[in-house]
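Close look at the chain arrangement
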Amino acid sequence: MTETTTTSDSNNNNAVESFYSSLPQQNVAALWTQLDKMVPPHPNPSASIASWKYDEVKPLLLSAGDIIGAEEAERRVLMLVNPSLTAPYTTDSIYAGLQLILPGEIAPAHRHVAFALRFIIEGADGFTAVEGEKITMERGDVILTPSWHWHDHGNENKEGKPMIWLDGLDLPLYRYLPVNFAEPYADKRYPSTPVKESRLRFPWASVQKQLDSIEGDYAIYHYRHEDGSHLSKTLSAQAERIAAGTVSKRKRETTSFVYHVYEGKGYSTILLPDGETEQVVEWKSRDTFTVPAWAQVSHTCYQEAGQAYLFAVNDRPMVEALGLSREQQ
Ligand code: 1HN
């Protein structure tokens with residue numbers, strides 16, 4: 001009796017083993033061994049909390065300026081690579097990079113399916129020409145390059161000032177929808193005429209005015225087009241004001257963020273969705289950091305530094321369009 005059971009158990013084990021080992025040949029796999037991974041108990045972004053100090057990255061960017069020309073590079077950019085991922089991931093859904101154009105240089109005209117927005121960090125007399133509109137770049141401006149719009153960049157400064165900005169693109173999306181492609185223009189520049197105002201340019205002054213007009217220690221402003229829509233169908237942006245010596249309420253959203261500090265000094269306390277990994281990111285003007293999706297975040301502005309203004313690229317339009325928006329205060 002006992003012997004029979006043993007034999008049947010081992011027959012059974014053999015049958016189970018051969019069942020599992022037969023699966024890969026047929027390109028199938030058992031869901032029940034990895035159900036947790038497919039439907040985890042909480043959102044689980046792959047991106048980690050990361051930060052880039054401007055004082056550390058700017059010298060590298062300027063060195064890149066010695067090594068390669070903007071035209072040769074096509075885009076002279078240092079990508080902000082999330083340490084848990086590879087390029088183009090700054091978060092799971094947002095690519096960000098720092099771009100440099102030196103006086104007299106042109107980043108030649110091209111167009112691509114990917115959407116880009118730029119937050120201008122420093123420089124003078126720089127421009128980006130988008131589909132015929134030559135738009136001057138000023139610190140704090142957000143300038144859009146909608147999908148499939150011709151664009152080139154340049155720097156006409158006579159005092160040797162480099163033009164530097166933060167790019168935000170929806171490149172990670174094309175891992176799943178591989179429909180992104182680019183086309184070079186026949187000439188270096190796409191024909192354009194200077195414009196003072198553009199639906200593609202969002203000057204900082206009006207954003208700050210909005211933030212300052214909201215009462216209280218904390219204010220948030222969501223960039224929108226005149227018709228109320230997000231900046232694009234994929235990525236958009238927001239700006240926040242945190243009064244000196246105050247802490248913003250802890251909040252988590254299914255949105256991910258690449259933050260960039262316009263002004264001020266402080267730190268953000270970020271708790272990952274696992275509820276265990278908490279990090280404090282210290283920041284000051286021109287630093288950049290990530291907040292992965294569903295991470296709990298609160299911003300603290302130091303008393304002595306005056307109020308802080310934070311800018312952030314977010315993936316809100318995609319998350320909303322898919323009905324996945326959730327927020328916890
Ligand atoms: C691009 O075309 C620009 O036009 C910036 O300035 C960054 C990153 C990846 C692919 C294309 C630009 C980019 C990019």
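The rules behind these values
- Residues numbered from 1 in each chain as written.
- Predicted model: local features only at pLDDT ≥ 70, side-chain atom pairs only at ≥ 80, totals over all residues.
- Heavy atoms only, no water.
- Core = buried A, V, L, I, M, F, W, Y, C linked by side-chain atoms within 4.5 Å.
- Buried < 20%, exposed > 50% of the residue type's maximum accessible area, 1.4 Å probe, protein only.
- Contact = heavy atoms within 4.5 Å.
- Phe/Tyr/Trp six-rings, centres within 6.5 Å; stacked < 30°, edge-to-face > 60°.
- Helix = DSSP H or I, 4+ residues; strand = E, 2+ residues; numbered from the N terminus.
- Near = heavy atom within 4 Å.
- Polar contact = N/O pair within 3.5 Å; in protein donor to acceptor, adjacent residues only side chain to side chain.
- Areas by Shrake-Rupley, 256 points an atom, 1.4 Å probe, with all protein chains shown as cover.
- Salt bridge = Lys/Arg side-chain N within 4 Å of Asp/Glu carboxyl O.
- Expected span 1.5 Å × (residues − 1).
- Arc of directions from axis to C-beta.
- Pairing = 2+ DSSP bridges.
- Axes fitted to C-alpha atoms, helices over the stretch in contact; angles between N-to-C directions.

1. Some points on the nonpolar core
- By size, the foremost hydrophobic cluster in this structure holds 53 residues, and its most contacted members are Leu-117, Val-142, Leu-144, Trp-204, Tyr-223, Leu-231 and Phe-311.
- For Leu-144, the contacting residues outside a window of four places in its chain are Phe-115, Ala-116, Leu-117, Val-130, Leu-200, Phe-202, His-225 and Leu-231.
- Of all hydrophobic cores here, the second largest spans 17 residues; its members include Ile-49, Val-261, Trp-283 and Ala-308.

2. So, the packing of aromatic side chains
- Enumeration over the complete set of coordinates arrives at 18 aromatic pairs.
- Ring centres 4.3 Å apart and planes at 25 degrees place the aromatic pair Phe-119 and Phe-311 in the stacked group. Pair noted here: Phe-119 is in strand S5 (residues 116–122) and Phe-311 is in strand S22 (residues 308–314), with a separation of 192 residues, a long-range link. Each of the two residues, Phe-119 as well as Phe-311, counts as buried.

3. Re the site of the ligand
- Taken together, the neighbourhood of the ligand is formed by Arg-75, Tyr-95, Gln-99, His-110, His-112, Arg-118, His-151, His-153, Asp-167, Leu-169 and Leu-171.
- Between the ligand and Gln-99 there is a distance of 3.0 Å, counted from an oxygen atom to a side-chain nitrogen or oxygen.
- With respect to the ligand, the side chain of His-153 contributes an N or O atom lying 2.7 Å from an oxygen atom.
- The protein chains hide 83% of the 330 Å² of surface that the ligand would expose on its own.

4. Some details on the pattern of salt bridges
- Going through the model one piece at a time under the given rule, you end up with 12 salt bridges.
- Between Glu-71 and Lys-188 there is a salt bridge, with the nearest N and O atoms lying 3.2 Å from each other. Of this pair, Glu-71 sits in helix H4 (residues 70–73) while Lys-188 is found in the loop between strand S11 (182–184) and strand S12 (193–195), placing the two residues 117 residues apart along the sequence.
- Classification of Lys-188 as partly exposed rests on a relative accessible area of 41%.
- Among the salt bridges present, the one from Arg-118 reaches Asp-167, with a minimum N-O distance of 2.5 Å. A residue pair is termed long-range when its members are at least 10 positions apart, and Arg-118 in strand S5 and Asp-167 in strand S10 (residues 163–169) qualify at 49 residues. The exposure classification of Arg-118 matches that of Asp-167, with both residues buried.

5. A word on helix H3 (residues 54–67)
- Between its first and last C-alpha, H3 extends 20 Å over 14 residues, near the 20 Å set by a 1.5 Å rise per residue.
- Among all positions in H3, only Tyr-54, Val-57, Leu-61, Ala-64 and Gly-65 are buried. In a view along the axis of H3, the buried residues occupy a sector of 105 degrees, so they form one face of it. Facing away from the buried side of H3, by more than 90 degrees, are the exposed residues Asp-55, Glu-56, Leu-60, Asp-66 and Ile-67.
- Its buried side turned inward, H3 meets strand S1 (51–52), strand S2 (77–79), strand S3 (95–101), S5 and S10.

6. Quick look at the environment of Ala-186
- Take Ala-186: it is sitting in the loop between S11 and S12.
- Expressed as a C-alpha distance, the spacing of Ala-186 and His-110, which sit 76 residues apart in the sequence, is 8.8 Å.

7. So, the sheet that holds strand S9 (residues 151–155)
- On the basis of which strands lie adjacent, the open sheet formed by 6 strands has the order S11-S4-S9-S6-S7-S12 and mixed pairing. The open sheet has two edge strands, S11 and S12, and neither has a second partner. The mean inter-strand angle of the sheet, taken between neighbouring strand axes irrespective of direction, is 30 degrees.
- When strand S4 (residues 106–112) meets S9, the two strands line up antiparallel, connected through 3 bridges. Residue pairing for S9: Ala-107 is matched across the bridge by His-153.

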